[in-house]
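Architecture at a glance
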Amino acid sequence: MSLLEVRNLKVHYPIRGGFWNRIVDVVKAVDGINFSIEQGQTYGLVGESGSGKSTTGKTIVGLERPTSGQIFYQGQEVQQNKLRNSVDYQRNVQMIFQDSLSSLNPQKRILDIIAEPLRNFQNLTADQEKLRVLQLLDIVGLSADSLYKYPRQFSGGQRQRIGIARAVATNPKLIIADEPVSALDLSVQAQILNFMKKIQRELNISYLFISHDLGVVRHMCQQIAIMHRGRLVEVGTRDDIYNHPQHIYTKRLLAAIPETNVNSRQEHRQKRLEVERIYNEQQAKYYDSNGAAFALQPVSMTHFVALAPTD
Amino acid sequence: MAAKIPEVTQISESDLVRLTQEARQEATPTFGKIIWREFKNNRLALTSLVLVITFILFVIIAALFINTPKMMTTNIMDYYSKPFNKNFILGADSGGRSIAKQLIVGSRNSICIAIGLTVISSTWGICWGMISGYFGGKVDLVMQRVYDFMMILPMLMTIIVIVTIIPTYNSVTLTLILSVFYWMGTSRLIRSRVLAESQKDYVAASKTSGTSNWKIIFREIMPNISSLIIVDTTLSFAENIGVETGLSYLGFGLPLGTPSLGTLIANANDPENITTYWWTWLPAALEIIILCLAISYIGQAFRHATNASQQ
Ligand SMILES: Nc1ncnc2c1ncn2[C@@H]1O[C@H](COP(=O)(O)OP(=O)(O)OP(=O)(O)O)[C@@H](O)[C@H]1O
Ligand SMILES: [Mg+2]
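Calculation notes
- Residues numbered from 1 in each chain as written.
- Chains lettered and ligands numbered in written order.
- Predicted model: local features only at pLDDT ≥ 70, side-chain atom pairs only at ≥ 80, totals over all residues.
- Heavy atoms only, no water.
- UniProt positions renumbered as here; feature names shortened; annotations may be inferred.
- Near = heavy atom within 4 Å.
- Polar contact = N/O pair within 3.5 Å; in protein donor to acceptor, adjacent residues only side chain to side chain.
- Areas by Shrake-Rupley, 256 points an atom, 1.4 Å probe, with all protein chains shown as cover.
- Helix = DSSP H or I, 4+ residues; strand = E, 2+ residues; numbered from the N terminus.
- Domains from an automatic or database assignment.
- Buried area = accessible area lost by both parts, 1.4 Å probe.
- Salt bridge = Lys/Arg side-chain N within 4 Å of Asp/Glu carboxyl O.
- Axes fitted to C-alpha atoms, helices over the stretch in contact; angles between N-to-C directions.
- Left-handed = near helix turned anticlockwise from the far one by under 90°.
- Contact = heavy atoms within 4.5 Å.
- Nonpolar A, V, L, I, M, F, W, Y, C, P; charged D, E, K, R; others polar.
- Donors = N, O, S within 2.8 Å, 3.2 Å for Na, K, Ca; no water.
- Buried < 20%, exposed > 50% of the residue type's maximum accessible area, 1.4 Å probe, protein only.
- Phe/Tyr/Trp six-rings, centres within 6.5 Å; stacked < 30°, edge-to-face > 60°.
- Lys NZ or Arg CZ within 6 Å of the ring centre and 35° of its normal.

By the naming in an unreviewed UniProt entry, chain B goes by ABC transporter permease and is assigned to Bombilactobacillus thymidiniphilus. The record held by UniProt for chain B lists under Sequence similarities (unreviewed entry) the comment "Belongs to the binding-protein-dependent transport system permease family." Of the comments in the UniProt record for chain B, the one headed Subcellular location (unreviewed entry) reads "Cell membrane".

Looking at an unreviewed UniProt entry, one finds chain A named ATP-binding cassette domain-containing protein, with Bombilactobacillus thymidiniphilus as its source organism. The annotation that UniProt attaches to chain A under Sequence similarities (unreviewed entry) is "Belongs to the ABC transporter superfamily."

This is the structure:
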């Protein structure tokens, strides 16, 4: 039984307009996706900006309402209207936000920020609480004098650590990490990623790791799903995705990873232009007439690709 | 729960106390301190603050020692008594009533009504705007229609009609009647800020931390718009002094026999008073100008301090 299973999840946003404020159209931010996350695993969700990754994550933690579809947590369906009220689910599924600055209340001290979930989910005395926050600060590598500071006094990397400390405060089983390192420079990225791996080992946490960068995901994830325009276009293990990509969109994302080897730069550039050309020419092979990806077809036991149905 | 985390930290109780003290020493200046510093460096604002507070205290206390019905009895012997004599420091009006005493009692009445009006209408407007902006959707739609309805009512005319219809009323009922019509500006201002504030990730983070909606509105969002609230409340206080005064000036404010700044200024309706008996209306007019100026200087200092504290 997987820790979390998402079945045919759809999140459509109405676009209102006209005289009566009627619904004139919908944005299909998430349009029927399926995946499941195992205990202790890191599941990567990759796609370009606007492909619906954050919406997927927010729907799982209950910040957005799904239009249809189901979410199962340890085999039990999470009822949408009860999602935010189910204390157990709330405590066990936490989120690290894309924008670390905006995710920390500027008027609150670090102590109050990290202690917020503790105050809601656990009954601790003021001293126990402070001790726990100090422990958490220590885990994420921040010194104790951060306790009474405000978020603006920290650097981006430090703020992201505070966000992580808050997310792990209640010992959750699953953390939705929404581009936790996209806003950081490379050296700090590596630090934060290693450190996320470390607490994963220590606390046996599962991650849904959202990113637009296949280079970063390679370091983190065993299972990867590629998302485009609200649908999954390719799902597979790390090996499937990096070594045997089938969908043109995956190939395009892979070609976009910067080449660090100076000698093969020219070659890499050629390859990228080639992929770009195929992507533009073969739209019909990979996308239906509305521009949406096809349903996933199995290629191997672990590998699924959205290809036109061959009947 | 806390024991589940591997003891990566060996923080003892005594360390906890020490670290807490250390952190407290390094803590950032609180909002109160920033405001205090602002006033210390801004002579004009400090003078205004002292002036306004001492004046309000003075009129409230002094008015306790004045017998209003006795003061308001007509005394034909003192008809338009000139100012600066030993009985009438500021002279007397056509009924031989002391202007100085009327000024004290009138200021007390006008200021207390303005304070009451500010407290009630601002509280209502703030709550209305925050709830409307935070929940959005249908709640917002309904609340904004109420707002629109209140806005299209011809305010002054409606108040005058109500005041004329109600047989007996005093300063308390007048304050309540006025409060019904003076919350809209605040509510619109607050709503637009809360609308923007609710989109920030710290609100989402509070939701996933299990904090209830009401707590999020009043404990998370409100501190972030406190500067707006303080500045708006200060400035609407200055404005509200004008509301009752204007109404009394027109003759629809406080009932006859109850002095107010407005009734004193209304002495200027008589062309003869304007030129010959200037002391009947000039002190009240000067008082309002000085009071409103001083309050807006205070408001500006608040705004400056709050901008500084957000850097
Ligand atoms: N509240 C909303 N109302 C209407 N449309 C929305 C809303 N939230 C998201 N969308 C739309 O849904 C789509 C997916 O947005 P989402 O934030 O999930 O993208 P993303 O994959 O996280 O992108 P990024 O990498 O930039 O964070 C976008 O086209 C966006 O415009
Ligand atoms: Mg996103």
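Residues and elements named next belong to chain A. Taken together, Tyr13, Ala29, Glu48, Ser49, Gly50, Ser51, Gly52, Lys53, Ser54, Thr55, Gln98 and Glu179 form the complete shell of residues around ligand 1. Contact distances for ligand 1 include 3.2 Å between an oxygen atom and a backbone N or O atom of Ser51. Side-chain polar atom of Lys53 to an oxygen atom of ligand 1: 2.8 Å apart, as the coordinates give it. Protein contacts shield 61% of the accessible area of ligand 1, which totals 640 Å² for the unbound molecule. Ranked by residues supplied to the shell around ligand 1, first place goes to helix 1 (residues 53-61) with three residues.

Right, let's talk about the domain arrangement of chain A for a bit. Residues and elements named next belong to chain A. Structurally, chain A comprises domain 1 (4-229) and domain 2 (230-311). Computed from C-alpha atoms alone, the centre-to-centre distance between domain 1 and domain 2 is 27 Å. Roughly 2,000 Å² of surface becomes buried between domain 1 and domain 2 when both sides are summed, with 52% attributable to carbon and sulfur atoms. When the buried area of domain 1 at its contact with domain 2 is split by residue, Leu214, Ile226 and His228 rank highest and sum to 34% of it. Our count for the contact surface shared by domain 1 and domain 2 stands at one salt bridge. For Asp31, the salt bridge goes to Arg231, with nearest N and O atoms at 3.0 Å. Here domain 1 is connected to domain 2 by 16 residue pairs in polar contact (both at pLDDT 80 or more).

Residue and element names in this part refer to chain B. In the contact formed by helix 5 (residues 99-135) and helix 6 (residues 137-152), the axes pass within 7 Å of each other and the chain directions differ by 145°. Remark: the crossing between helix 5 and helix 6 carries left-handed chirality. Touching Trp128, Ile131, Ser132, Gly133 and Phe135 of helix 5 are Gly137, Val139, Asp140, Met143, Gln144 and Val146, all from helix 6. A breakdown of the residues in the contact of helix 5 with helix 6 according to their chemical character gives six nonpolar, four polar and one charged.

Angles between donor atoms at a metal ideally measure 109.5 degrees for a four-coordinate tetrahedral arrangement and either 90 or 180 degrees for a six-coordinate octahedral one. Protein coordination at the magnesium ion (ligand 2) comes from A:Ser54 (OG) and A:Gln98 (OE1), with a distance range of 1.8 to 2.5 Å. Of this pair, A:Ser54 sits in helix 1 while A:Gln98 sits in the loop between strand 6 (93-96) and helix 3 (110-121), placing them 44 residues apart in sequence.

Right, let's get into unusual backbone geometry. All names here are of chain A. A positive phi is found at Glu179, a non-glycine position, where the angle reads about 40°. Residue position: Glu179 is located in the loop between strand 7 (174-178) and helix 6 (186-203). Even without being a glycine, Asn204 presents a positive backbone phi close to 55°. Given a relative accessible area of 41%, Asn204 falls into the partly exposed group.

Quick look at the packing of aromatic side chains now. In this description, an aromatic ring pair is defined by two values, namely the gap between the centres and the angle between the planes. Taken as a whole and assessed by the stated rule, the structure comprises nine aromatic pairs over all chains. Ring centres 5.6 Å apart and planes at 35° place the aromatic pair B:Trp124 and B:Trp128 in the tilted group. Separated by four residues within a single helix, B:Trp124 and B:Trp128 lie in helix 5, roughly one turn from each other. Residue B:Trp124 is classed as partly exposed on the basis of its relative accessible area of 45%. Arranged with centres 6.5 Å apart and planes meeting at 15°, the rings of B:Trp214 and B:Phe218 form a pair that is stacked. With B:Trp214 and B:Phe218 both in helix 11 (residues 213-224) and four residues apart, this pair spans about one turn of that helix. B:Trp214 gets classed as partly exposed once you look at its relative accessible area, which sits at 48%. The structure contains a cluster of three or more aromatic residues connected by ring pairs, namely B:Tyr134, B:Phe135, B:Trp214 and B:Phe218. Geometry around A:Phe195 places A:Arg161 over its ring, the cationic atom sitting 5.7 Å from the centre. In this arrangement the basic side chain of A:Arg252 is found over the ring face of A:Tyr279, its NZ or CZ atom lying 4.1 Å from the centre.

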